[in-house]
Amino acid sequence: MEFFPIFLNLKNRKVLVVGGGDVACRKVDLLLRANADITVISPQLHPHLSRLAADQQLTYIKQKYDESCVIGFHQIWATTNDPKLNHQVFSDAEAEGIWTNVVDDPHHCHFITPSMIDRTPIQVAISSGGASPVLVRFIREKLETLLPQNLSLLAEFSGKQRERIKQHFKTVDERRKFWERFFRLPAVEQANNTVSLELAFTLLLSEPETQTNHLYLIETGLDPEMLTLKALRLMQQSDFVLYPEGSNDIFVDLCRRDADREPYTPEALQDKVRALLNEGLRVCVLAPKASHPETLISLAQEIKGLYIPCL
Ligand SMILES: C[C@@]1(CC(=O)O)C2=NC(=C\c3[nH]c(c(CCC(=O)O)c3CC(=O)O)Cc3[nH]c(c(CC(=O)O)c3CCC(=O)O)/C=C3\N/C(=C\2)[C@@H](CCC(=O)O)[C@]3(C)CC(=O)O)/[C@H]1CCC(=O)O
Ligand SMILES: NC(=O)c1ccc[n+]([C@@H]2O[C@H](COP(=O)([O-])OP(=O)(O)OC[C@H]3O[C@@H](n4cnc5c(N)ncnc54)[C@H](O)[C@@H]3O)[C@@H](O)[C@H]2O)c1
């Protein structure tokens, strides 16, 4: 991992933008959305930035950059049309231990800008670590079409119910299961206002789930793209993942990140599955296509489990 992904709280943080042209406009607009305390240093200023300065949304210092400018800032964006100057900003900032981004210049970046989908409070940030910004834009455009339009509404609503749901369900596990059922409700998927969400929420609270344990038998192939959507969804819902000894691979990575995971041998599998189901867990067994097909088939027959073949 070349770059570590994080989400920064820049509220009221002092951020310096060196240069006041087109690129500075784009960066300032983003930083304003994060409520940063923005200063722009530049001999000339784009009319858009002049308006923001007049509106007191940023501090404008009309001067050429010099090394004293970096002092007191938490973060710096170098956006001038002079690459040598941008590199100087980078090294001055580095000497002061201040994180800097030189636009379009990954070798002079302590951090890089991801492609973003902003459905506040949901944020999706995509990066190629500098390898291909255009590919990153393509991925964003694809994701934009996949992500439901009511995502902000759902996130805001569920954020507000967290205390209420804690009163109702005492364990993290119960709460997680409730939310998974809630987000899968057709009424929730289609909701476009808080009233319909509240209705679905109250209704679901009054009908608790009776069966908690489930067994998902997921056949895997060579190519993770050949998994069905259903297989992926169930892999994401499992509490415990069992994978064949020696195959801790991409399919295991695609399962829910905080699910427990353990290797299995075909001989010990059935007992292990029974024990986990007795604990009330949702168990996912991964089995490569063609290896030990009889193991899965006999499991599916003997213990009631959902068998999802791979394409
Ligand atoms: C995500 C996004 C955010 C943003 O900039 O806001 C972004 N670049 C975007 C688009 C884009 N940038 C460029 C093109 C023209 C096509 C092309 O030339 O390839 C297009 C495509 C377009 O506009 O469609 C030119 C370019 N960019 C960089 C270089 C230098 C190099 O690659 O070596 C060059 C060549 C300059 C030259 O040749 O002179 C470098 C960087 N650009 C990054 C971010 C960082 C790595 C992100 C990552 O990979 O994770 C990084 C490392 C540093 C940084 O700037 O933070 C935004 C997509 C937003 C969106 O639409 O969703
Ligand atoms: N415009 C784009 O969409 C775009 C896209 C990708 C990359 N770039 C690159 O990003 C850089 C900036 O592009 P731009 O379009 O914003 O340029 P621009 O010419 O619009 O702005 C450059 C700004 O830098 C300021 N500046 C110059 N010398 C300075 C100094 N000594 N101290 C402080 N500020 C100084 C200027 O006053 C001006 O406001 C360029 O290198 C460009 O090639 C631009």
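Owing to the predicted nature of the structure, the values given are computational and were not obtained by experimental measurement.

**Q** Looking at this structure, how should I read the site of ligand 1?
**A** For ligand 1, the set of nearby residues contains 18 residues, the closest of which are S115, S127, S128, R137 and R140. In the model, a nitrogen atom of ligand 1 is placed 3.0 Å from a nitrogen or oxygen of the D104 side chain. Separating an oxygen atom of ligand 1 from a backbone N or O atom of G130 is a distance of 2.9 Å. Sort the elements by how many residues they give to the shell around ligand 1 and helix α4 (residues 133–146) lands first, with four residues. Counting contributing residues per domain, the shell around ligand 1 is built from domain 1 (14–113) and domain 2 (115–147), each supplying no fewer than three.

**Q** How should the sheet that holds strand β10 (residues 260–264) be read in this particular structure?
**A** Either a parallel or an antiparallel arrangement is found when strands of a sheet pair, and the pairing is made through backbone hydrogen bonds. The five strands lie next to each other as β10-β9-β11-β8-β12, forming an open sheet whose pairing is parallel. This sheet does not close on itself; its edge strands, each paired only once, are β10 and β12 (306–308). Looking at each pair of strands side by side, their axes are set apart by 20° on average, direction ignored. With five bridges connecting them, strand β9 (residues 240–244) and β10 associate as parallel partners.

**Q** Would you explain the site of ligand 2 in this entry?
**A** In the vicinity of ligand 2 lie 18 residues, with G20, V23, S42, Y65 and D104 positioned nearest. G21 places a polar main-chain atom, nitrogen or oxygen, 3.3 Å from an oxygen atom of ligand 2. Here an oxygen atom of ligand 2 sits 3.0 Å away from a polar atom, N or O, in the side chain of S42. Computed on the free molecule, ligand 2 has an accessible area of 830 Å², of which 66% lies beneath the protein chains in the complex. The element that contributes the greatest number of residues to the shell around ligand 2 is helix α1 (residues 22–33), accounting for three residues.

**Q** It is not clear to me how the side chain of R175 should be interpreted in this structure. Could you clarify?
**A** Examined against the element boundaries, R175 turns out to sit in helix α7 (residues 172–184). The side chain of R175 is buried and forms no salt bridge, while E174, the nearest opposite charge, is found at 6.4 Å. Contacts of R175, omitting those with residues within four sequence positions, involve I165, K166, F169 and K170.

**Q** Would you mind showing me how to read the UniProt feature "domain: Sirohaem synthase dimerisation" (unreviewed entry) in the chain here?
**A** Following the UniProt record, one finds the feature "domain: Sirohaem synthase dimerisation" (unreviewed entry) at residues 151–193. Helix makes up 81% of residues 151–193 and strand 0%, with an end-to-end C-alpha separation of 11 Å.

**Q** Where do I start with the packing of aromatic side chains in this structure?
**A** Geometry of an aromatic ring pair is reported as the spacing of the ring centres plus the angle between the planes. Scanning the entire structure with this criterion turns up 12 aromatic pairs. Centre to centre, the rings of F182 and F183 are 5.4 Å apart; their planes meet at 65°, and the pair counts as edge-to-face. Overall, the relative accessible area of 33% leaves F183 in the partly exposed class. Linked through ring pairs, F157, F169, F178, W179, F182, F183 and F201 together constitute an aromatic cluster.

**Q** I keep staring at the environment of D260 and nothing clicks. Help me out?
**A** With respect to the helices and strands, D260 occurs in strand β10. Distance from D260 to F182, taken between C-alpha atoms, is 23 Å for residues 78 residues apart in sequence. Not counting chain neighbours up to four residues away, the residues in contact with D260 comprise D239, F240 and V241.

**Q** Would you explain the UniProt feature "domain: Siroheme synthase central" (unreviewed entry) in the chain in this entry?
**A** In this structure's numbering, the residues bearing the UniProt feature "domain: Siroheme synthase central" (unreviewed entry) are residues 121–144. Structurally, residues 121–144 comprises 50% helix and 21% strand, and the distance from its first C-alpha atom to its last is 15 Å.

**Q** I keep staring at the pairing of strand β2 (residues 37–41) and nothing clicks. Help me out?
**A** Residues in a regular strand project their side chains so that they alternate between the two faces of the sheet. Taking burial as the measure, the five residues of β2 include four buried ones, the bulk of the element. Where strand β1 (residues 14–18) lies against β2, five bridges are found, and the strand directions are parallel. What sits directly across from K14, in β2, is D37. Of the strand pairs in this sheet, β2 and strand β3 (residues 59–61) are connected by three bridges, and their pairing is parallel. Paired with V40 across the two strands is Y60, which belongs to β3. In this view, the connection linking β2 to its parallel neighbour β3 by way of helix α2 (residues 47–54) has right-handed handedness.

Reading guide: rules and limits
- Residues numbered from 1 in each chain as written.
- Chains lettered and ligands numbered in written order.
- Predicted model: local features only at pLDDT ≥ 70, side-chain atom pairs only at ≥ 80, totals over all residues.
- Heavy atoms only, no water.
- Near = heavy atom within 4 Å.
- Polar contact = N/O pair within 3.5 Å; in protein donor to acceptor, adjacent residues only side chain to side chain.
- Helix = DSSP H or I, 4+ residues; strand = E, 2+ residues; numbered from the N terminus.
- Domains from an automatic or database assignment.
- Pairing = 2+ DSSP bridges.
- Axes fitted to C-alpha atoms, helices over the stretch in contact; angles between N-to-C directions.
- Areas by Shrake-Rupley, 256 points an atom, 1.4 Å probe, with all protein chains shown as cover.
- Buried < 20%, exposed > 50% of the residue type's maximum accessible area, 1.4 Å probe, protein only.
- Lys, Arg positive; Asp, Glu negative; His and termini not counted.
- Salt bridge = Lys/Arg side-chain N within 4 Å of Asp/Glu carboxyl O.
- Contact = heavy atoms within 4.5 Å.
- UniProt positions renumbered as here; feature names shortened; annotations may be inferred.
- Phe/Tyr/Trp six-rings, centres within 6.5 Å; stacked < 30°, edge-to-face > 60°.
- Right-handed = clockwise from strand over helix to strand, strands pointing away.

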